[in-house]
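# Structural features, examined
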Amino acid sequence: MTDPVRFSFRGMEIVAEAGQSVGAALIAAGHRSWRTTRREGAPRGIFCGIGVCFDCLVVVNGEPGRRACLTEVRPGDVIEPQEGAGRGDLAC
């Protein structure tokens, strides 16, 4: 048996199974949405679950645009919700 993986989401510690995706770990912890759309600010989370859409985008260790369904959670990761495209630093 492998040790659990501990990471933070919105400043809260979450425990996941080794090899679990960020999206699966967030759903298992009771989180259903973690991104908002650019125009309406509508909540989004897992939609396709296979990396085709972009509904599950999160910020992982300061890097926006990571698909939660494809990103394996690692010990100590800092996961944050993503607002819109996650590139506010590029706004004019």
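A few points on the structure. (Residues numbered from 1 in each chain as written. Predicted model: local features only at pLDDT ≥ 70, side-chain atom pairs only at ≥ 80, totals over all residues. Heavy atoms only, no water.)

### Regarding the environment of R44
- Within the element layout of this structure, R44 appears in strand 4 (residues 43-44).
- The exposure class of R44 is partly exposed, given its relative accessible area of 30%.
- Between the C-alpha atoms of R44 and D55, which are 11 residues apart in sequence, the distance is 5.5 Å.
- Not counting the four nearest positions on each side in its chain, R44 is found in contact with R32, S33, W34, R35, T37 and D55. (Helix = DSSP H or I, 4+ residues; strand = E, 2+ residues; numbered from the N terminus. Buried < 20%, exposed > 50% of the residue type's maximum accessible area, 1.4 Å probe, protein only. Contact = heavy atoms within 4.5 Å.)

### What to know about the environment of P4
- Along the chain, the position of P4 falls in the segment before strand 1 (5-9).
- Residue classification places P4 among the partly exposed positions, given a relative accessible area of 45%.
- In the structure, P4 is positioned 70 residues away from R74 in sequence and 9.9 Å away in space, judged by C-alpha atoms.
- Once residues lying within four places of it in the same chain are set aside, the contact partners of P4 are V15 and A16.

### Side note on the environment of R38
- With respect to the helices and strands, R38 occurs in the loop between strand 3 (35-36) and strand 4.
- R38 gets classed as exposed once you look at its relative accessible area, which sits at 67%.
- In sequence terms R38 and E83 are 45 residues apart; their C-alpha atoms lie 7.0 Å from each other.

### Thoughts on the nonpolar core
- By size, the foremost hydrophobic cluster in this structure holds 16 residues, and its most contacted members are F7, F9, V22, L26, W34, V58 and I79.
- Elements with a minimum of two residues in this core: strand 1, strand 2 (12-16), helix 1 (22-28) and strand 5 (57-60).
- Leave out the neighbours within four places in its chain, and V58 touches V22, W34, E63, P64, G65, R66, A68, I79, E80 and Q82. (Core = buried A, V, L, I, M, F, W, Y, C linked by side-chain atoms within 4.5 Å.)

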